[in-house]
Amino acid sequence: MSNSPVVLISHEMLGPIQPGLEAQGYRVARRWDMTPELAAEVRAIVHAGEIALSPEFLASLPALKLIANVSVGYDGVDVAWCRARGIEVSHAEGLNAEDVADHAVGLLIASWRDIVRGDQMVRAGGWTMADRMGARPGLKGRKVGVMGLGYIGQAVATRVEAFGMQVAWWGPRPKPDARWPRAESLLALAADSDILVVACRADASNRQAVNAAVIEAVGPRGLIVNVARGSIIDEDALIAALKDGRLGRAALDVFAQEPTPAARWAEVPGTVLTPHSAGTTVDSLPLMIGQCFENLRRFFAGEPLASPVPD
């Protein structure tokens, strides 16, 4: 056992994975109680990609050669820095896209049709028959703009199309085989959309890409749904626009800081909020963990990774 490779769990959230790693024959280090002696032996990290791994911390692990993300995203990892130092990076490629898309559409409907507010009204005893006359618009015929047409974006587009909504998308790279038209820019997409769904991979190029101008282009009757990463939206600008009525609604599963402070949203109207839970189901989570374990197995066997992050 002393010769078994040491795998580091990077965050307490991933603690439940430890027995599975040990069953595979690995020695497990935990970042929150790791000794310097064990740190010197760490050859791989099991990681949740939205959490930042600083170069300073990684440099303190001299034997490190793999970061295996359980998550699809890996925005907390400086991939270029890792590659320059011979550290491979893997992720869970597309395994929870259907679940994230389901959640995105759930947020969309809940917000657009005031489902959460209606539930609160009934429970609080505030329901009057006059409330039925304060009708919201339906969904059929509404324009949905999808930011990012990867696995999740395509799944969202397919779902909303089934509701009779019109779909367009924008991303930095054309997709000639896409079924839906690509807008000239993110700003143009927002201006032509009733609902903007943020579903792209987060990286340095799109940090706060959904800025004040994009938010205002969606407008006072529009809705922004975010199931990607909180870093993609200028959250301060979003909150200001909601309070001022320059944006109608926002439905968010991800935030600039997680967990997001409850007080930050206490006086913000038109919001439906969930705790970064879109991609975690009893169906997808075992697949994501399984792919992480397979990447570990392949790495230690000297085989190509099953799902390396793309170039």
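Since we're looking at a predicted model, the values are computed, not measured. (Residues numbered from 1 in each chain as written. Predicted model: local features only at pLDDT ≥ 70, side-chain atom pairs only at ≥ 80, totals over all residues. Heavy atoms only, no water.)

A few points about the overall build of the chain
- Each helix and strand counted, the chain has 11 helices and 11 strands in total.
- For 311 residues, the compact-globule estimate of 2.2 N^0.38 gives 19 Å, and the chain sits close to it at 21 Å.
- In terms of overall dimensions, the chain has a C-alpha envelope of 70 × 50 × 30 Å along the principal axes.
- Burial statistics for the chain: of 311 residues in total, 46% are counted as buried.
- A separation threshold of at least 6 residues defines the contact pool for the chain, and within that pool the share at least 24 residues apart is 60%. (Helix = DSSP H or I, 4+ residues; strand = E, 2+ residues; numbered from the N terminus. Rg over C-alpha atoms; globule rule 2.2 N^0.38 Å. Buried < 20%, exposed > 50% of the residue type's maximum accessible area, 1.4 Å probe, protein only. Contact = heavy atoms within 4.5 Å.)

Quick word on the packing of aromatic side chains
- Applying the stated criterion to the full structure yields three aromatic pairs.
- Pairing Tyr 26 with Phe 300 gives two aromatic rings, centres 5.5 Å apart and planes at 40 degrees, and the pair type is tilted. One end of the pair, Tyr 26, is in the loop between α1 (18–23) and β2 (27–30); the other, Phe 300, is in helix α11 (residues 284–301), with 274 residues separating them in the sequence.
- Looking at Phe 300, the relative accessible area reads 23%, which means it is partly exposed.
- Considering the side-chain rings of Phe 299 and Phe 300, the 4.9 Å spacing of their centres and the 70 degrees angle between planes classify their relative orientation as edge-to-face.
- Accessibility expressed as a relative area gives 15% for Phe 299, which makes it buried.
- Taken together, the aromatic side chains of Tyr 26, Phe 299 and Phe 300 make up a single cluster linked through ring pairs.
- Above the plane of the ring of Trp 112 lies Arg 136, whose end atom (NZ or CZ) is 4.9 Å from the centre. (Phe/Tyr/Trp six-rings, centres within 6.5 Å; stacked < 30°, edge-to-face > 60°. Lys NZ or Arg CZ within 6 Å of the ring centre and 35° of its normal.)

Description of a nonpolar patch on the surface
- Where nonpolar side chains cluster on the molecular surface, the patch consists of Val 122, Trp 127 and Met 129 and spans about 360 Å² of accessible area.
- Within the secondary structure layout, Val 122 lies in helix α6 (residues 115–123). (Patch = residues over 30% accessible without salt bridge, like charges linked within 9 Å, V, L, I, M, F, W, Y side chains within 5 Å. Areas by Shrake-Rupley, 256 points an atom, 1.4 Å probe, with all protein chains shown as cover. Salt bridge = Lys/Arg side-chain N within 4 Å of Asp/Glu carboxyl O.)

Considering the sheet that holds strand β6 (residues 143–147)
- Reading across the sheet, the six strands line up as β7-β6-β8-β9-β10-β11 and stay open at both edges, with parallel pairing between neighbours. A single partner strand is all that each edge strand has here, and the edge strands are β7 (166–170) and β11 (271–273). For this sheet, the mean angle separating the axes of adjacent strands, direction not counted, is 15 degrees.
- Sheet topology places strand β9 (residues 223–226) next to strand β10 (residues 249–252); four bridges connect them, and they run parallel. If you follow Val 225 over to β10, its bridge partner there is Ala 251.
- Along the sheet face, helix α10 (residues 235–244) touches β9, β10 and β11 and points at about 140 degrees away from the line of β10. (Pairing = 2+ DSSP bridges. Axes fitted to C-alpha atoms, helices over the stretch in contact; angles between N-to-C directions.)

Description of unusual backbone geometry
- Note the cis peptide between Glu 258 and Pro 259, where omega equals -5 degrees.
- Locating Pro 259 in the fold gives a position in the loop between β10 and β11.
- Phi at Asp 114 is positive, roughly 60 degrees, even though this residue is not glycine.
- The residue Gln 208 is not glycine, and still its phi comes out positive at about 55 degrees.
- Structurally, the position occupied by Gln 208 is in the loop between β8 (195–198) and α9 (212–218).

Here we look at empty space enclosed by the protein
- Applying the stated criterion to the full structure yields one cavity of 30 Å³ or more.
- Roughly 40 Å³ of volume is contained in the largest cavity.
- Lining the largest cavity we find Asn 226, Gly 230, Ile 233, Glu 235, Leu 238, Leu 252, Val 254 and Phe 255.
- For the lining of the largest cavity, the per-class residue count stands at five nonpolar, two polar and one charged. (1 Å grid on protein atoms, 1.4 Å probe; cavity = no way out; pocket = protein on both sides within 12 Å on 5 of 7 lines; lining within 4 Å. Points joined across faces, edges and corners; volume = space filled by probe spheres on them. Nonpolar A, V, L, I, M, F, W, Y, C, P; charged D, E, K, R; others polar.)

Topic: the environment of Gly 106
- Assignment of secondary structure puts Gly 106 in helix α5 (residues 97–112).
- Residue classification places Gly 106 among the partly exposed residues on the basis of a relative accessible area of 37%.
- Spatially, the C-alpha atoms of Gly 106 and Ala 278 are 9.7 Å apart, while their sequence positions differ by 172 residues.

Observations concerning the pattern of salt bridges
- According to the stated counting rule, one finds 19 salt bridges in the structure shown.
- Of the charged contacts in the structure, one is a salt bridge between Arg 229 and Glu 50, with a shortest N-O distance of 3.7 Å. Of the two residues, Arg 229 sits in the loop between β9 and α10 while Glu 50 sits in the loop between β3 (42–47) and α3 (55–59), which places them 179 residues apart along the sequence.
- Through salt bridges with shared partners, a single network forms among Glu 294, Arg 297, Arg 298 and Glu 303.

Examining the pairing of β7
- Within β7, four of the five residues are buried, which leaves it mostly tucked inside the rest of the structure.
- Here β6 runs beside β7; their pairing, made up of five bridges, is parallel. The partner of Val 146 across the bridge, within β7, is Trp 169.
- Handedness of the β-α-β unit built from β6, helix α7 (residues 151–162) and β7 comes out right-handed. (Right-handed = clockwise from strand over helix to strand, strands pointing away.)

Some details on the layout of surface pockets
- In this structure, the second largest pocket spans a volume of roughly 360 Å³.
- Taken together, Arg 113, Asp 114, Arg 117, Gly 118, Met 121, Val 122, Trp 127, Asp 131, Arg 132, Gly 134, Ala 135 and Arg 136 make up the lining of the second largest pocket.
- The residue makeup of the lining of the second largest pocket, split by class, is four nonpolar, two polar and six charged.

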